[in-house]
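# Commentary on secondary and tertiary structure
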Amino acid sequence: PPGFGIHSLTIQAGKYGYVNQEDVTETLTLREEPTSLVISWSNTNSITYVESTTLIASYRMNNLTPITTATITVTIGVDSWLLVWHPGTQTYRYTFTGADSPPGFGVHSITIDASKTGYETQVNGTEVLILSIEPTTFVISWSNTNSITYVKSTILIVNFTMSDGSPVTAATVNVTID
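These remarks concern the structure in this document. What you are looking at is a predicted structure, and each value in this text was computed from that prediction instead of being measured.

Looking only at helices and strands, the protein chain features zero helices and 15 strands. Against the 2.2 N^0.38 benchmark of 16 Å for 178 residues, the protein chain shows a C-alpha radius of gyration of 31 Å, more extended than a compact globule. Out of the 178 residues belonging to the protein chain, those deemed buried represent 22%. Long-range pairs, those at least 24 residues apart, make up 49% of the contacts in the protein chain between residues at least 6 apart in sequence. Here the protein chain holds 6 positive side-chain charges and 14 negative ones, and the gap between their average locations is 10 Å.

Below, the structure written as structure tokens:
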């Protein structure tokens, strides 16, 4: 088939015993299917180290029919990830976790590129992904007192918790005595 663009046509009709006809004034315009790209997040675009979020891309034809088998990538700096087609939602998805490196902690401008041969390519460069360190609290207490004699003992209790109140498991707590 011809490529995209405007093509001149030569139309001929003929049969033995009849006057042949020809027309060279017609053209055919072949263009890519118009598309749209709608971006959303499963919960938020701002997560902490222990959280995750899913980037959702809806790539559709002009009549809102989903475009399957497209290539949709999300790019942060020089790193790119492919979004995966989910038939149930008829969208493409990629899940980021706060521990992902790359991209690492920070505010990241992202570009989503959707393409398929025969369909208009769509690019969205307006999204941002924010990966933050998990907020914590640090509460110190003593089993008895922090003043003991040579033959007595006490226990230092440290509660190191995340923002939701759950413990930071496998954390290291160091105590230095001057």
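Now that the structure is up, let's keep going.
Formed by 22 residues in total, the largest nonpolar core has its most connected members in Leu-55, Tyr-59, Ile-72, Val-74, Phe-96, Ile-110 and Ile-112. Looking at this core, the elements with two or more residues in it are strand 5 (35-41), strand 7 (52-61), strand 8 (71-76), strand 11 (91-97), strand 12 (106-116) and strand 13 (119-132). Ranked by residue count, the leading element in this core is strand 7, at four residues.

Residues Phe-138, Ile-140, Trp-142, Leu-156, Val-173, Val-175 and Ile-177 make up a contiguous nonpolar surface patch of about 710 Å² in total accessible area. Here the nonpolar patch gets three residues from one element, more than from any other, and that element is strand 14 (residues 136-142). Of note, Ile-140 is situated in strand 14. Judged by its relative accessible area of 46%, Ile-140 is partly exposed.

Right, let's talk about the environment of Val-107 for a bit. Among the structural elements, Val-107 can be located in strand 12. The spacing of Val-107 and Arg-93 is 14 residues in sequence and 20 Å in space, taken between C-alpha atoms. Ignoring anything within four residues of it in the chain, the contact list for Val-107 reads Val-128, Leu-129 and Ile-130.

Okay, the packing of aromatic side chains next. Throughout the structure, instances matching the rule amount to six aromatic pairs. With a centroid separation of 5.9 Å and an interplanar angle of 45°, the aromatic rings of Tyr-49 and Phe-105 are classed as tilted. Linking Tyr-49 in the loop between strand 6 (46-48) and strand 7 with Phe-105 in the loop between strand 11 and strand 12, this pair joins segments that are 56 residues apart in sequence. In this structure Phe-105 comes out as partly exposed when scored by relative accessible area, which is 46%. Ring geometry for Phe-138 against Phe-160: centres 6.3 Å apart, planes inclined by 85°, an arrangement best described as edge-to-face. Remark: Phe-160 occurs in strand 15 (residues 156-162) and Phe-138 occurs in strand 14; sequence separation between them is 22 residues. Note on Phe-138: relative accessible area 52%, which makes it exposed.

A few words on the sheet that holds strand 10 (residues 84-86). The four strands are arranged 5-7-11-10 in an open sheet whose pairing can be described as antiparallel. Of all strands in the sheet, those with a lone pairing partner are strand 5 and strand 10, marking the two edges. Sheet twist, expressed as the average angle between the axes of neighbouring strands with direction ignored, equals 30°. Judged from the seven bridges that link them, strand 5 and strand 7 form a sheet pairing that is antiparallel. Following the sheet pairing, Thr-35 is matched in strand 7 by Met-61.

Following Ser-101, the chain continues into Pro-102 via a peptide bond in cis, with omega recorded as 5°. Within the secondary structure, Pro-102 is located in the loop between strand 11 and strand 12. Notably, Leu-64 is not glycine yet its phi reads approximately 75°, a positive angle. A residue is classified by how much of its surface remains accessible, and Leu-64, at 57% relative accessible area, is exposed.

Quick notes on the rules
Per chain, residue numbering runs from 1 following the sequence as it is written. Predicted model: local features are reported for residues with pLDDT of at least 70 only, side-chain atom pairs are reported and counted for 80 or more only, and whole-chain, interface and lining totals are derived from all residues. In computing side-chain properties, one takes all heavy atoms of the structure into account and sets aside hydrogens as well as water. Elements are defined by DSSP. Helices are runs of H or I of four residues or more, strands are runs of E of two residues or more, and each kind is numbered from the N terminus. Only C-alpha atoms enter the radius of gyration, while the globule expectation follows 2.2 Å times N to the 0.38, with N the number of residues. Exposure classes here rest on a 1.4 Å probe applied to the protein chains alone. A residue is buried below 20% of its type maximum, exposed above 50%, and partly exposed in between. Contacts between residues were defined by any pair of non-hydrogen atoms, one from each residue, lying within 4.5 Å. A residue counts as positive if it is Lys or Arg and as negative if it is Asp or Glu; His and the chain ends are not included. Where a charge lies is defined by one atom per residue type, namely NZ (Lys), CZ (Arg), CG (Asp) and CD (Glu). Definition of nonpolar core: a set of buried residues of the types Ala, Val, Leu, Ile, Met, Phe, Trp, Tyr and Cys, connected through side-chain atoms within 4.5 Å. A residue counts toward a patch only above 30% relative accessible area and without a salt bridge, and it is joined to like-charged neighbours within 9 Å or, for Val, Leu, Ile, Met, Phe, Trp and Tyr, to nonpolar neighbours within 5 Å. Note on areas: these come from Shrake-Rupley sampling with a 1.4 Å probe, and a residue is covered only by the protein chains present in the view. One speaks of a salt bridge when a side-chain nitrogen belonging to Lys or Arg is within 4 Å of a carboxyl oxygen belonging to Asp or Glu. Each Phe, Tyr or Trp ring (for Trp, its six-membered ring) is paired with any other whose centre lies within 6.5 Å, and the angle between the two planes then decides the class: stacked below 30 degrees, edge-to-face above 60, tilted in between. Strand pairing follows a simple DSSP-based rule, namely that at least 2 bridges must link the two strands. In this analysis an axis means a line fitted to C-alpha atoms, helices contributing only their contacting stretch, and an angle means the value between N-to-C directions, from 0 to 180 degrees.

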